[in-house]
Structures are given as structure tokens and as C-alpha cells.
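# Structural overview for review
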Number of protein chains: 2
Amino acid sequence: MSKPGLDELCINTIRFLAVDAVQQANSGHPGAPLGIASMAYVLWDRFLKHNPKDPKWPDRDRFILSCGHASALLYALLHLTGYDLSLDDLKQFRQWGSKTPGHPEYGTVPGLEVTTGPLGQGFANGVGMAMAERWLAANYNRPGHEIINHHTYAIVSDGDLEEGISAEAASLAGNLRLGKLIYLYDDNGISIEGRTDITFTEDVAQRFQAYGWQVIGPIDGFDTAGVEGAIRKAQADRERPSLIICRTIIGYGSPNKAGTASAHGEPLGVEEVLLTKKQLGWDYTEPFTVPPEALQHLREAQERGQKQQGEWQKRLKAYRQAYPAEALRLEEDLRGDLPAGWDTGLDDLFRGETKPVATRSASGLVLNSLAPRIRSLVGGSADLAPSTKTGLKDGGDYISSDYSGRNLHFGVREHAMGAVASGMALHGGLIPYTGTFLVFYDYMRPPVRLAAMMGLRVIYIFSHDSVGVGEDGPTHQPIEQLVGLRSVPNLVTIRPADATETVEAWQTALQRRDGPTALVLSRQNLPVLDRKTLSPASGVRRGGYILWEAAANPEVIIMGTGSEVHIALDAGKLLQARGIKARIVSLPSWELFEAQPAEYREKVLPEGIKARISIEAGSPLGWERYVGDSGVTIGIPRFGASAPGKVIYEKLGLTAEHVAAEAEKLRRGGRK
Amino acid sequence: MSKPGLDELCINTIRFLAVDAVQQANSGHPGAPLGIASMAYVLWDRFLKHNPKDPKWPDRDRFILSCGHASALLYALLHLTGYDLSLDDLKQFRQWGSKTPGHPEYGTVPGLEVTTGPLGQGFANGVGMAMAERWLAANYNRPGHEIINHHTYAIVSDGDLEEGISAEAASLAGNLRLGKLIYLYDDNGISIEGRTDITFTEDVAQRFQAYGWQVIGPIDGFDTAGVEGAIRKAQADRERPSLIICRTIIGYGSPNKAGTASAHGEPLGVEEVLLTKKQLGWDYTEPFTVPPEALQHLREAQERGQKQQGEWQKRLKAYRQAYPAEALRLEEDLRGDLPAGWDTGLDDLFRGETKPVATRSASGLVLNSLAPRIRSLVGGSADLAPSTKTGLKDGGDYISSDYSGRNLHFGVREHAMGAVASGMALHGGLIPYTGTFLVFYDYMRPPVRLAAMMGLRVIYIFSHDSVGVGEDGPTHQPIEQLVGLRSVPNLVTIRPADATETVEAWQTALQRRDGPTALVLSRQNLPVLDRKTLSPASGVRRGGYILWEAAANPEVIIMGTGSEVHIALDAGKLLQARGIKARIVSLPSWELFEAQPAEYREKVLPEGIKARISIEAGSPLGWERYVGDSGVTIGIPRFGASAPGKVIYEKLGLTAEHVAAEAEKLRRGGRK
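Fair warning: this is a prediction, and the values are worked out from it, not measured in the lab.

### Some details on the side chain of arginine 495 of chain B
All names here are of chain B. By secondary structure assignment, the location of arginine 495 is in the loop between strand 13 (492–494) and helix 18 (499–511). Arginine 495 sits in the buried class, given a relative accessible area of 0%. At a separation of 2.7 Å, a polar atom in the side chain of arginine 495 contacts the side chain of glutamate 564.

### Examining the sheet that holds strand 17 (residues 556–560) of chain A
All names here are of chain A. Strands sit in the order 16-18-17-19-20 across an open sheet of 5 strands; the sheet is mixed. Of all strands in the sheet, those bounded by a partner on one side alone are strand 16 (545–549) and strand 20 (632–634). Each strand of the sheet is rotated relative to its neighbour by a mean of 25 degrees, with strand direction disregarded.

### Topic: the packing of helix 8 (residues 204–211) of chain A against helix 8 (residues 204–211) of chain B
Between helix 8 of chain A and helix 8 of chain B, whose axes approach to 8 Å, the crossing angle comes to 165 degrees. Taken together, the axes of helix 8 of chain A and helix 8 of chain B lie roughly antiparallel to each other. Relative to helix 8 of chain B, helix 8 of chain A is oriented so that their crossing is left-handed. Only Gln206, Arg207, Gln209, Ala210 and Tyr211 of chain B of helix 8 of chain B make contact with helix 8 of chain A, whose side of the interface consists of Gln206, Arg207, Gln209, Ala210 and Tyr211 of chain A. When the residues that make up the contact of helix 8 of chain A with helix 8 of chain B are grouped by side-chain class, the tally is 4 nonpolar, 4 polar and 2 charged.

### Quick notes on the interface of chain A and chain B
With 99 residues of chain A in contact, the opposing surface of chain B contributes 99 residues. It is Trp96, Glu193 and Arg449 of chain A that lose the most area in chain A upon contact with chain B, and together they represent 10% of the buried surface on that side. Applying the counting criterion to the chain A and chain B interface returns 6 salt bridges. The salt bridge involving arginine 449 of chain A is made with glutamate 480 of chain B; its shortest N-O contact spans 2.8 Å. Taken together, the residues of the side of chain A that touches chain B sort by class into 40 nonpolar, 31 polar and 28 charged.

### With respect to the relation of the copies chain A and chain B
Superposing chain A onto chain B takes a rotation of 180 degrees plus a shift of 0.0 Å along the axis, which leaves an RMSD of 0.0 Å. Such a turn and shift between the copies fits a two-fold axis. Counting the interface residues of chain A, we find that 100% of their copies in chain B are interface residues as well, pointing to one common contact surface.

### Examining the domain arrangement of chain A
Residue and element names in this part refer to chain A. The assigned domain composition of chain A is domain 1 (4–304), domain 2 (346–520) and domain 3 (540–668). Using only C-alpha atoms to locate each centre, domain 2 and domain 3 end up separated by 26 Å. Area buried by domain 2 at its contact with domain 3 is led by Ile479, Arg486 and Arg495, which between them contribute 29% of it. Where domain 2 touches domain 3, the interface holds 3 salt bridges. Here arginine 495 makes a salt bridge to glutamate 564, at a shortest N to O gap of 2.6 Å.

### Here we look at the environment of valine 627 of chain A
Residues and elements named next belong to chain A. Structurally, the position occupied by valine 627 is in helix 22 (residues 624–627). Sequence separation of valine 627 and threonine 152 is 475 residues, and the distance between their C-alpha atoms is 50 Å. In contact with valine 627, other than residues within four places in its own chain, are Met559, Lys610, Arg612, Ile613, Ser614, Val632 and Thr633.

### Thoughts on the packing of aromatic side chains
Under the counting rule described, the total for this entry stands at 48 aromatic pairs over all chains. An angle of 50 degrees between the planes, with centres 5.4 Å apart, marks the rings of tyrosine 398 of chain A and tyrosine 403 of chain A as tilted. Considered together, tyrosine 398 of chain A and tyrosine 403 of chain A belong to a single accessibility category, that of buried residues. Look at phenylalanine 593 of chain B and tyrosine 600 of chain B: their rings are 6.3 Å apart centre to centre, the planes differ by 65 degrees, and that puts the pair in the edge-to-face class. A relative accessible area of 1% places phenylalanine 593 of chain B in the buried class. Among the residues examined, tyrosine 600 of chain B registers a relative accessible area of 11% and is labelled buried. Site record: aromatic cluster; members linked through ring pairs are Phe123, Tyr183, Phe208, Tyr211 and Trp213 of chain A. Between arginine 486 of chain B and the ring centre of tryptophan 590 of chain B, over which it is positioned, the NZ or CZ distance is 4.1 Å.

### What about the pattern of salt bridges?
Under the definition given, this model contains 87 salt bridges over all chains. Arginine 60 of chain B is paired through a salt bridge with glutamate 113 of chain B; the nearest N and O atoms lie 2.6 Å apart. Residue arginine 60 of chain B is located in the loop between helix 2 (31–47) and strand 1 (62–65), and its partner glutamate 113 of chain B is located in the loop between helix 4 (87–91) and helix 5 (121–140); the two are separated by 53 residues in the primary sequence. Accessibility expressed as a relative area gives 4% for arginine 60 of chain B, which makes it buried. Classification of glutamate 113 of chain B by relative accessible area gives buried; the value is 9%. When salt bridges with common partners are traced through the structure, they connect Asp7, Asp45, Arg46, Glu228 and Arg232 of chain A into a single cluster.

Calculation rules
- Residues numbered from 1 in each chain as written.
- Chains lettered and ligands numbered in written order.
- Predicted model: local features only at pLDDT ≥ 70, side-chain atom pairs only at ≥ 80, totals over all residues.
- Heavy atoms only, no water.
- Helix = DSSP H or I, 4+ residues; strand = E, 2+ residues; numbered from the N terminus.
- Buried < 20%, exposed > 50% of the residue type's maximum accessible area, 1.4 Å probe, protein only.
- Polar contact = N/O pair within 3.5 Å; in protein donor to acceptor, adjacent residues only side chain to side chain.
- Pairing = 2+ DSSP bridges.
- Axes fitted to C-alpha atoms, helices over the stretch in contact; angles between N-to-C directions.
- Parallel < 35°, antiparallel > 145°, perpendicular 65-115°, else oblique.
- Left-handed = near helix turned anticlockwise from the far one by under 90°.
- Contact = heavy atoms within 4.5 Å.
- Nonpolar A, V, L, I, M, F, W, Y, C, P; charged D, E, K, R; others polar.
- Buried area = accessible area lost by both parts, 1.4 Å probe.
- Salt bridge = Lys/Arg side-chain N within 4 Å of Asp/Glu carboxyl O.
- Least-squares fit on C-alpha atoms with pLDDT ≥ 70 in both.
- Domains from an automatic or database assignment.
- Phe/Tyr/Trp six-rings, centres within 6.5 Å; stacked < 30°, edge-to-face > 60°.
- Lys NZ or Arg CZ within 6 Å of the ring centre and 35° of its normal.

As C-alpha cells, this is what we get:
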């Protein structure tokens, strides 16, 4: 055990590495690190199970700094406990290409579990991690063999708790009785506009009790023994997630800034840094000083971690012997590999299908065909499973009395759903998917963005993808959501034209390991395209492909996605009857298409053919890229309307006749 | 007073008008109307202060059906109490062009206060309405003259309470002690995926008590006397908003569907409708039957409303005599008119300014210049006022002890902020604005969409609008948010290039009365464009304009928005020195530009000039529209990075030199 004096030395070392990094960058947030270093130190020194020499050890505890603006604190901890992060890296805080960006970025440095900064996200990510832990434990642990058994910790701030996403996630965590989720709340009473009580006077303890959490405190966040006791108490309650309310002072130790908003988002200033060091009894005026005793003590984390992981490896060995099949499966899942034969028979799923099928229904069938083989496929919907067709028939429900279920019930909580899925993907061992209506993508944009930024394998199922929704009207009809998805870097969006393209879309999504995929699906039934007379659906893998053409040298190209492809095809046939040769291009994924070699893209959309029409039941924004200066976009540059879907399609001109008429105009050169 | 038998008759009339409308449309939600008709009837019959003959009477109570899927209930109430909505309109439920769309749509029918459907939004809109009421009362009422004094009521559902936005809004309402906000919670225990307890087991009463609400119940939602007593109790507490928990049964009365999820989102079916009618003692098998006694009783709302409004008008008359200046102002504000001389002197604000100014700072100066004249301009930020520059220096704070303040403190609650602003605009009498970083637009997309759909005058201030944010890194750097704003129908987005364009942007936003406007502003300082040598900033009003050109017949057009316009201008000068004639186009608002006559657009971007370059520090998606097949887009098709802003601009090629080099290539024809 460490002496009190040593504790304080270590805490100050953490504090001033953070403060010096901010000062060196002349940019950043010194207030939070000064306030929460004690809590963080106690957690990392006395509790956190991790191995700096193997940051990806699957059974490590997870730590989330939900208040990501305190990043410098995390970098200090990672450096001091022996992760691959040097003092020089800390000196490069917030500089181009450094391992120490302004907010924690997943992938930049080992040991950093999740990108945080946008408030509330980390809070909800942690719930996903804790859910993943319980799921793996329920599915893989065996009597006497605890292979998966760890905690998820986070430090969360006022801002995290004010955001609605944390309310959603906390309610879900309470419902699921995630007893191994332990959050330390940095209750410092200060926000950017001043004292939090100008707007945040709710009784946080009572609120979390209402969610079904154990609430501990308020305690003094600077009292290391108190924090230690609180965490022990949190660990002891295996039935409820715990919130430890830690009273702290933002900018603690700064004579002129402590306890004020000005300590939050700007460097203290060289002089104030010196004054703060003096006030906290830190004798080293030289920036980035690490006293050897502090380093030695904090680096004990390495030995401790090696030992803990060594014991775990022994347990894993015994497990392998007792349950070789399970062990193989677990290791495969933890690697994220798809099992051999995972997609056997998929291609036959809709062969010869002559009845129309909604792509949401096709997706449900694919999912249920895949589920028995891909055990790690786990997901659910924001209270729309019957509509989004996201339920796994034999999957069981993931509920507090049985964590082995594969059907997650997120409730009407899209925002938390997105972040929980990210947390699961970050944890590893399972492939999460979510489900809601496309229009409600708007409720979960922040976690989708972060998943794309982190490069996580998450699959988003968005059904009811257009005015084809019909009578529910404009509030439920997406218009701008498709272009929204396409605008997110590193997100692949696929809007399949029919059941056969839906099969390909799912295969593509599952094989994508470096980022999320959105599947955009119809509510309404769509004809299953007859692949005997049309190109194979495997063209989906290339993002876009020639589906059909009347003759080898077409005069006009009609392109579309999803539920409008069969309309385009009908238009092509109409034109053929009128002696006009059209090519129909199905373009389900812009991102995949743009990743193709230029020659392939030129083959599909040859520069020489200027007469081009796009049709898509959404905002036409962006289609100019493909139709070009001489082309025509047919889309919906307005909100939708409440009426039967077919009526809306007719009223808004999303018909084969309209497409054909525009094509004829283009061919006559009547339109520029 | 009505007899109990009459009450039940009226309630059943409401129920079956709704159920018959759903059945006639063969689409819709019968379950909620059956469950909540009693609560709604008691509220409308005994409490709601409204005048069906003057639906816009400013001091009416506001009623929100937050569970908008129960729309048929609202239409039944509007018809029965005498609004301009016929029985034939009800028969057109969910049909193209009808006054009775699937979810309530603001503007389709008098008396309908707000578009609802996306869950949680109505809950938060109501908070905005109640805040507006208190603000107007604080600013205009005088001793003995209560001109503004009404309640805001809503019926809210499980789904509303599960959404994070309601947590944000409820916490805010509790903090602000909005005692005249009264919500009836339809606690029916059923959600689409089944019983709510699969995911929603929180103690709602305790949670709302934690927010500072008065919680009443649970009571029996079918007990009219109980509901009446609860609403009286809610009204009696002037210090706390009230949540009345009403236990109900979804699909009440349906022998085979009551209390199940299957009653929620599909018609009961002809037979089940008959069975339900029988079970509830409704003798009329003919659909859309309105018994004369029920109609007569419910139509008493007209006389009652006329009388109430008559009394109010007497009070207004007395107020006019006692406070003529205030009365004139109030009436002007309620009409939404800007006062005479509202923009006097604005154009001089930055005349001759030679120091660079961030457009967020320019916006703050404009706002503070306008504020003394436009009294109704009220707004704030999601805990970022010092950064977004949205504070009104002499505006005072809107807090529970003083509702006259003009600075709103939303807390870290962007989602509620958006919906609260909509509620204020819907209430009328003030012009709301909000503030946050552009990247956090993602947290508030749903209310922005709905404000655009409703055509509300709300002004969104989005600062920190690009990688120019710098060190905070990709989590805080918008990329896809600009194209996101542009994709929303009926939203006008303006990204001014400098302080002088910011003035024009604000003027445009304030003069727009049929929809919201987003102002997209830089964190970093930008040179104030020298209007002595450049075209006047008034070009902003047309969305795009020729800022400068080297000569009358330019060879290349360089266009950009916001912080990239001065880079484009520098590139133009570089090219001039190299003997290449460039035109620089500032294109701050695509929507305004596209609303211009074709001749104007052709003048700015003549078809003959094919060498075109766009530069914007965001996703290039959509710029193809303006640069055309031969053009080049310079943008950021990736996430940003943590580094000083200038470094990022250089690394990502957002420099005058890069633009000039691309222009030279284009001119040499080296690029297609």
C-alpha cells in the first residue's frame, strides 16, 4: 500500500503533467484535471484491472473519461502507468499528428478505450461496454470458469448528466441491473456559463435512485480514503449500477481560478501555473517533472497488470481444456472473425421469389438466417422491432434476469441505442446492430458520427426509408436523412433495391471491419428483381452496377437506389417500347462505388453519355455528382405528406412515366 | 355542470370518431385515443381556456398532444368543440391534401398548436410555450392588469418520457419553476415491443420529483372526477410544474386488443370496432355518429370561449388605456412585427474596421446592437454563451425568480434547446434564438427539422463552424453539418464571410417569417472585407454575389462561403499576378441564391465559364451543383484533426496557393 504522502505526490504529478501539457499547447482544459486527479488516481491505483503491456487484454476493466475535455489527465495516467506514450508525446499535446489530441481519440494511443468529448456519449458508451461484458459472461463463463468478469468505470461530469442521452442510458442501465458499472460523478458545480445552479438544480441522487442505481455520496472527491471506500461499496452491490457523487472544485489549487468557469477551457497562464504548483506544495517549477517515487509507484501498474493477466491466462487455459469448443468460439468472437461458412446458402434465400418483399422484411429474413451461425450478432431496436424486423426469432431477450439473450430492448431511446452499440463494438466479442426508422436517425446522429470516427463495426438498420411510409406523414418520412448518412466520413450507406440486394448489403456490412454501415430499407413491398434477366445482385459490392440495358450503346442512363430502382427499370422498358435505349444503373452505395477504380466507374457511367437521370425518394442534394451538368435529378426537395404511399409517389412524380418523359426530353435536347 | 351519463357519452363520441377515422383510413393508431379520451375530455371540458371561433387568441391555454400518433383524438376534439374542421374532414383522415394528416401538422387546421409525432418533442415544445407565457407576463403585465396568464397542458406518453429530450426539458422546467405547466402522463404500460417493463422500469414519479416537479397520482385515468381533482391540484401549485400520472389501458374497451401492443399502430378491424362499441355501451353502429346531446355539450366550448375572450378583451382595453405604450408594443410583438427603425445604424457597425473579427464576435455585436430595439429577441445557448457570443449585455437572465430576463440558460441540453425555441415561436410574442457549436447541431436535428416543417421563425446560431476550431480536434470540428443544414427543406442557412456579411445575415434572418434560419459562424478571426474595393455585403440577401473580379471577362470562377471567402480572394489576387483573370463569388446561402431568378444566377455563375472551383472547410458533398462537370471542389472529405487551426488549413489544402494551383490546372485544361 502507498503512503499518504506518496498518494499526494502521485496525484500532483498527474495534475501538473496535465496542466503543463495544456500550458505548453497554450490550449486546453486545465480545470477538470486539477479537480478529478484524486478520484482518477484512486481508481487507477487501487482498482483498475489493466495491463499497460497488453492494452487489449480482453478481460481488463474498461475506463471511460466521459468528460473528454480532461484528456490531458488521461494522457498523464497512460504515460505514468506505462502505456506506450512518452513524455515527449505529452509535450505534443494538441499538435498535428501527435498521439495526444485535444480530446481522447480512439486509436491514437494504446489504453485509450473510446473517443469522448461530445458530452453524454461516454456515459452511454460505458453502458454498452457493461452490457457486452455481461453478455459474454452469460454466454461463455461456465461454473468454476470466470473468463469474462470485469468492471466498467467512468468519470462523468455535470454536462454529461445534463445531456438527454445520459438519462436514456442511465434508465436502461438501471433496468438491466448492470451492477458492474461504476461511475464517478465530478460534481464541481461549475459550467461554462457559470454556476450550474443557474440551470441545473435537479436532485441528481434522487434521479439516479429513480433509475434503479445505487447512489453513493456526496463524498469529498479529494479524500482518497473516501473515494476508495465508495468504490468498494459500489463494487459490493452486484445488482445495481453505482453513481458516486464526488464533490470537487474545478481548477483545484489555482489561487485565482479555482471554482470558477474561467478554469475550464483555457490555460491557466504561466504565472497562475506557478502559483497553483506552490499552493499544492509542488516543488518542481520545471514543467513536465515526474518525481521518480511517483513514477515508480504508478508504474507498479505494469507488474500488477502482468500478474492479473497471467492469472487470467491460467484460467483461460483451464477453460480451454474443459470447454475447448467454447474457448475456440470465444477467441474467434473476440478477434471479430466471422465463423467459417457464415454466409452459406444466403444467396439462395430469395432465388425464384416472385412475390414482392419489403427490404426491411428481406433484412429480417437475412438476419435470422445469419444469426444461428454468427453467434456474436447481437442487437435490437428502439421499441420498433416488429416494424424494423430486427428481432432474432431464437435469440432470446437480453434482460436483467438473463444476459445471454441476443435481442436488445433499447426502449424509445435512439440516442442511447447508438452509443450503446458503439460501446459494445468497443468492448469486442460481439457485432452489434441497431434498428429504428430512418427519420429517427436524427435522434442518434452524434453516436453514428463517433462510430464512424472510431472506425467501429456497428450495423445500423434504418427502415421506413422514404415517403413510402405513407399515411404517417412528413414527421415520419425521411427526406434529408439519406444525404445525411452519405455525408458522414467513413460511414458506408447501402440502400438495396430489393431482397437480393439486401442479402449482398448484409454480407458487405458484416465483412466491413473498419467502420459502421447503415442499411436503408423500405417499409413497402418491392418486386424481387429477376436476376435471370438482370445482372447479378453481387454488383452491390461495388456500390453501383449496370442492372439492365436495352442495348449495348445506350442513349440515356437512369440511375437510382432502393425502392426507386424498379421504377427506373420500368421507365427503361417504357423507353425501349418508344425506341429509346436506356441503361439502368443501381447505385445502392455511393461510398462503395467511389472506392472502385476509375475504369470501373467509367464503365458504369461513361463520360460520353450525358443524358442522365437520377431517381431517389429523398433530397436530390448531391446527385449532381452523378447526373452531371446535362442531367436531371428526380427527388423530393420538400417535406413529404400524409397519404397512402403510392399516392405520394404519384403526386411527387416518382413514377416510371415521369422518368421516361424526362428521358425523352433529354434525348430531344430539350433540356440543358 | 354535466351529468355523469353525458360525460361518458361525450367521451365515447370522441373515442369512436377517432376509431372510425382510423378504420376508414385503414391506417392509424386507435389504442391511444381509446385510452386517453377521458383525460382529454376532462381537460377540454372543464379547464381548457380557448375559443374555437378565434383559435389565435393570444391568451388561450395551449394544448399539446405530445403522443402525436393519437392525432385522431385531437381532430375529434377540434371538430366537436367547434373549430373549422368538419366531419367530412375526419373522414379524410390520412389522405392526400386533407386537413387531418396522420400526425398533427401545424398549419393544417385551426386550433392545432404544434406538429407532433417524433416522441419527446411535444414535451419540450410545451416547456418553451410555458417559458414564453411567463416572459410575456413578466414584461407586459402590470399590477391589476393580467393580460398574459394562461396554462400550457400536454398529454404525454411512455415514449415521450423515455426519450432523452424530455429529461432535458423536464429538468429545465423544474429549474425554472414553471408552475403553469401541467402534463397528463398516459401511463398505459405498453410499448410497441410489448410491456414497457421490458426496458422502462424507472420510478417516473421519483424522477420528476428529482427535477422539482409536483407529481400527482398515479390516478385512474378513466375516473373523470379523479382527473378533474388532479388538474385542480396541479393548478393550485404555482411554483412547480405538475405531472399527473394517469393509469390507463391502451385500446380501452376493445375485447381482444385492449392492453396489448397490437392496439397501438393498426386499425382495430371492422368487427373489433363493433365489439368495442358494444363493450363501451355505444349504441350507434354507424361510423362517425355524433349524438346531438354530446355535440351540444361539447360545442358549449364556443360560447364559453367567446365569453372568456370577451372578458380578456375588456382587460386589454383597460390595459391600453392605462399603459398605451406597453399595449402597442405588446400587440406589435404578438403580431411578430419588427419595430420601426429596428436596423438603424447596423450597416455602419463594421464600416472601416481594419482588424480581423470572428463572425461569432460580429454576430454578438450585431445581436447586442439589435437587442435594445427588438425587445422580443430572446435567446441563449446550451452552456456556451461566452463562446457563441449569444449573450445580451443588458438583457438580464431568465431565471425562476425573474422571468423578464432575455438571456436563456439552457444548460448542456441542445436537444431541448431546439424544441424550447420552437415552443416559444409557436406561442408567439417573441423571436427566439439559440446558440451552440455547429458540430452539436447533431444533438438538435429533430427540433430543427420540425421548426422548418412548421415554418417557425427561430434563429439558430452555430459557431465554431469548421476545422478552424483547431486544437479541440475532430469531435468538435463540423464536417458534414453544413451539408446537413442545407438538406433540410425550408431551412435557410447563411454562412457569412466576414463581419459585414454577418450584419446582412442577421437582417435576413429576422425578416424571414415563414421558417427558421441558421447562422453559421467562425470561431477564428477573419479579415473584414474592404467594401470600398469589393461589392457591397448586401449581396448576401441574394444568397450569392460577385465579390470581386480581376476583369470583366474572367476565365475562372472561385466560389466559397464563410471563412474560406478571404482565401478565395487571396487566390484571385495570386492568379491576377500570374495573368489569370478570376472572379470571386461569395455564396453564403444556397437557399437564398436558388430563390433568385435564373437570370441573376446566370449572371453570377455564367454557363460559359466552365473553369470553376469551390472552397469550403466542410464536406464537399453538393458543391458539384455549382462547380459542374469540369470544376473542382476543395473541401474536407474526412474528419478533422487536433492542431492549431492554421496548421489544419494548410495540411488539408485550404490555402490560397492550392486554390490558385488548381485554377491554373483548370485553365490549362489539365483536368477534366
